[in-house]
Amino acid sequence: MTTTPFPDGFLWGGATAANQIEGAYDEDGKGYSVQDVMPRGISGPRSERPTPDNLKLVGIDHYHRYAEDIALFAEMGFSVYRFSIAWSRIFPNGDETEPNEAGLAFYDRVLDELEKHGIEPLVTISHYETPLHLAEQYGGWTNRALIGFYERYARTLFERFGSRVKYWLTFNEINSLLHAPFMSGGIPIPEGGVPEQQLYQAMHHELVASARATRIAREVAPEARVGCMVLSMPIYPLSPSPDDAVAVMTADHGNLVYGDVHTRGAYPGYFLRTLREKGIELDITDEDRDDLTNTVDFVSFSYYMSIAETADPEKRGSGEGNIMGGVPNPTLEASEWGWQIDPVGLRLVLNQFWDRWQKPLFIVENGLGARDQLVEVDGEKTVVDDYRIQYLNDHLVQVGEALEDGVDVLGYTSWGCIDIVSASTAQLSKRYGFIYVDRDDDGTGSLDRYRKKSFHWYADVIRTNGASLTR
Ligand code: BGP
């Protein structure tokens, strides 16, 4: 009999974000979010107001097709589905005192559908979707007022959905804030960049808001489990020199500080040193310190790639990658978008996080962005995406290794389980899904859905609880 390292009850599924999937950007009272003015993704210019070339305005029209999409997830056997709630559907400008009922009602319908299929929801409260008004009028998360607005938003969600949703994530990839201030924190970027003092203050505000959300969940939704969500990026020394090892440690600290605060409830010494050396003094109140002690129940993270680092200034520079760069690793291949593929890195990061934080882990994003070709096989339209199957298989095998290592992993949701608009490039042609969506970068296409080869492959993996993986 084939055995599997995946425990009974391991949660299998997929993940999406409201701004990349829903469309309906101005329906039922929704306000604009920062994404509605980012037609070209992270590094492209922002528009003043939403423009028709912004693919996110329509997304894949999940707002109207959620029932069909969830039925397809159920067909694959999902036991969990991660999605985000668009803040600007609930509080269109972000600073209202009363929520928009039509926005809440939409997520009730989504939850009804998930319940019908026995799929556990995993909800991201804020996934790169700060209401645009908060960016324009308040300077985004640089402003302490956002803690209060987020608190009201989070409380509204816990009160409304707390009995139906067990797993919650406070901020998507909270450690991307310093690297992508507008997308991640609604912070307008002036010429010359956002001053570091403001960036670190914004980071502090988000950490306090996250901890406060955890505190509120314990009060109003005691069944809820609240996790943080970080972008994971294992970093290898480019050479075995001690200086390169220190460069790795320093780069690691820049990422790990967020998880350290979320799990330990206070800032670590290395971070205070960074602030000292940069001459940054944060405004931290006694109440903030107290809030931060509300630590998370679990740690979730995205994993796509690893990177290398060096102390040698001539070799430094930025490799391509998921929001934060580094030095390309000469031993690894990369995807078409330059993200270096490293399944073993996932085992390493699972061990590192478990050893460091001793909290259950949840892999809430992983996958391969690739160009797909729709073809006809036996009279059915499909995509023969063996490259995606290979990527996911190899990563899941490493999750199995980590489980054998004794790491506590709650579940796995692959990113973009249905094709959606890319966060970094705003393209539809950077596809991650098990389900192909007929929509192109020029905004044409029927929006019809087709099962890819990986759809059937993943259904088998889930049905066998990982025993069908090729080791
Ligand atoms: C993460 C984000 C997602 C996402 C994914 C893939 O950073 O949390 O929103 O889209 O990366 O990135 P991309 O869409 O740029 O390929």
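Residues numbered from 1 in each chain as written. Predicted model: local features only at pLDDT ≥ 70, side-chain atom pairs only at ≥ 80, totals over all residues. Heavy atoms only, no water.

Peer 1: Now, about the overall build of the chain: what can you tell me, with residues and values included?
Peer 2: Scanning the chain from terminus to terminus reveals 14 helices and 14 strands. Put simply, of all contacts in the chain between residues at least 6 apart along the chain, 76% involve residues at least 24 apart. Carbon together with sulfur atoms contributes 48% to the accessible area of the chain, which is approximately 17,800 Å² in total. Taken together, the 42 basic and 71 acidic charged side chains of the chain have centroids lying 2 Å from each other. (Helix = DSSP H or I, 4+ residues; strand = E, 2+ residues; numbered from the N terminus. Contact = heavy atoms within 4.5 Å. Areas by Shrake-Rupley, 256 points an atom, 1.4 Å probe, with all protein chains shown as cover. Lys, Arg positive; Asp, Glu negative; His and termini not counted. Charge placed at Lys NZ, Arg CZ, Asp CG, Glu CD.)

Peer 1: Describe the site of the ligand, naming the residues involved and giving the relevant values.
Peer 2: Close to the ligand lie 16 residues, the nearest being Glu173, Ala423, Ser424, Lys430 and Tyr432. In this structure, an oxygen atom belonging to the ligand sits 2.5 Å away from a side-chain N or O atom of serine 424. With respect to the ligand, the side chain of lysine 430 contributes an N or O atom lying 2.7 Å from an oxygen atom. When the ligand is considered free in solution it has 370 Å² of accessible area, and contact with the protein chains removes 98% of it. Across the shell around the ligand, the residue classes break down as seven nonpolar, six polar and three charged. (Near = heavy atom within 4 Å. Polar contact = N/O pair within 3.5 Å; in protein donor to acceptor, adjacent residues only side chain to side chain. Nonpolar A, V, L, I, M, F, W, Y, C, P; charged D, E, K, R; others polar.)

Peer 1: Describe in detail the side chain of serine 47, supporting the description with residues and values.
Peer 2: By secondary structure assignment, the location of serine 47 is in the loop between α1 (18-21) and α2 (62-76). Of the polar contacts made by the side chain of serine 47, one reaches the backbone oxygen of arginine 49; its length is 2.9 Å. Here serine 47 is in contact with Asp36, Val37 and Pro39, once residues within four sequence places are set aside.

Peer 1: How would you summarise helix α8 (residues 196-220) if you had to cite specific residues and measurements?
Peer 2: In this model, α8 (25 residues) spans 36 Å end to end at C-alpha, consistent with the 36 Å of a helix rising 1.5 Å per residue. Most of α8 is tucked away: 18 of the 25 residues are buried. (Expected span 1.5 Å × (residues − 1). Buried < 20%, exposed > 50% of the residue type's maximum accessible area, 1.4 Å probe, protein only.)

Peer 1: Describe the sheet that holds strand β7 (residues 298-303), with residues and values.
Peer 2: Remark on secondary structure: sheet strands pair via backbone hydrogen bonds, oriented parallel or antiparallel. Strands sit in the order β1-β2-β3-β4-β5-β7-β9-β12 around a closed barrel of eight strands; the barrel is parallel. Strand-to-strand twist in this sheet, taken as the mean axis angle between neighbours without regard to direction, amounts to 25 degrees. As judged from the six bridges shared by strand β5 (residues 225-232) and β7, these two strands associate in the parallel manner. Bridged to glycine 227 within β7 is phenylalanine 298. (Pairing = 2+ DSSP bridges. Axes fitted to C-alpha atoms, helices over the stretch in contact; angles between N-to-C directions.)

Peer 1: Can you tell me about unusual backbone geometry, naming the residues and giving the values?
Peer 2: Negative phi values dominate among residues other than glycine, just as trans dominates among peptide bonds. Positive phi, normally seen in glycine, also occurs at aspartate 28, with a value near 50 degrees. Structurally, aspartate 28 can be placed in the loop between α1 and α2. Residue aspartate 28 is classed as partly exposed on the basis of its relative accessible area, which comes to 39%. The residue tyrosine 128 is not glycine, and still its phi comes out positive at about 55 degrees. Here tyrosine 128 is to be found in the loop between β3 (120-126) and α5 (132-138). On the accessibility criterion, tyrosine 128 (4% relative accessible area) is buried.

Peer 1: Tell me what's going on with a nonpolar patch on the surface, and back it up with residues and numbers.
Peer 2: A contiguous nonpolar surface patch, about 190 Å² in accessible area, is contributed by Val375, Val377 and Val384. Within the secondary structure, valine 384 sits in the loop between β11 (380-382) and α13 (386-404). (Patch = residues over 30% accessible without salt bridge, like charges linked within 9 Å, V, L, I, M, F, W, Y side chains within 5 Å. Salt bridge = Lys/Arg side-chain N within 4 Å of Asp/Glu carboxyl O.)

Peer 1: Tell me about the pattern of salt bridges, and name the residues and values.
Peer 2: Summed over all chains, the structure comprises 42 salt bridges. Between glutamate 115 and arginine 164 there is a salt bridge, and its shortest N-O distance comes to 3.0 Å. In this pair, glutamate 115 sits in helix α4 (residues 101-116) while arginine 164 sits in the loop between α6 (145-161) and β4 (167-171), placing the two residues 49 residues apart along the sequence. Since its relative accessible area comes to 46%, glutamate 115 is described here as partly exposed.

Peer 1: So what about the pairing of β7? Which residues, and what values?
Peer 2: Where burial is concerned, most of β7 is hidden: six out of the six residues are buried. Neither face of β7 is open: one carries Phe298, Ser300 and Ser302, the other Val299, Phe301 and Tyr303, and all of them are buried. Where β7 and strand β9 (residues 361-365) come together, four bridges link them in parallel fashion. Each bridged residue has a counterpart across the sheet, and for serine 302 the counterpart in β9 is glutamate 365.

Peer 1: If you had to explain the packing of aromatic side chains to someone new, which residues and values would you point to?
Peer 2: Counted according to the given criterion, the structure contains 35 aromatic pairs. With a centroid separation of 5.2 Å and an interplanar angle of 85 degrees, the aromatic rings of phenylalanine 301 and phenylalanine 353 are classed as edge-to-face. Note that phenylalanine 301 is positioned in strand β7 and phenylalanine 353 in helix α12 (residues 343-357), a separation of 52 residues in sequence. Residue classification places phenylalanine 301 among the buried positions, given a relative accessible area of 0%. Judged by relative accessible area, phenylalanine 353 falls into the buried class, the value being 3%. Taken together, a centroid distance of 4.4 Å and an interplanar angle of 10 degrees make the contact between phenylalanine 434 and tyrosine 458 stacked. (Phe/Tyr/Trp six-rings, centres within 6.5 Å; stacked < 30°, edge-to-face > 60°.)

Read these as spatial facts, not as claims about activity.
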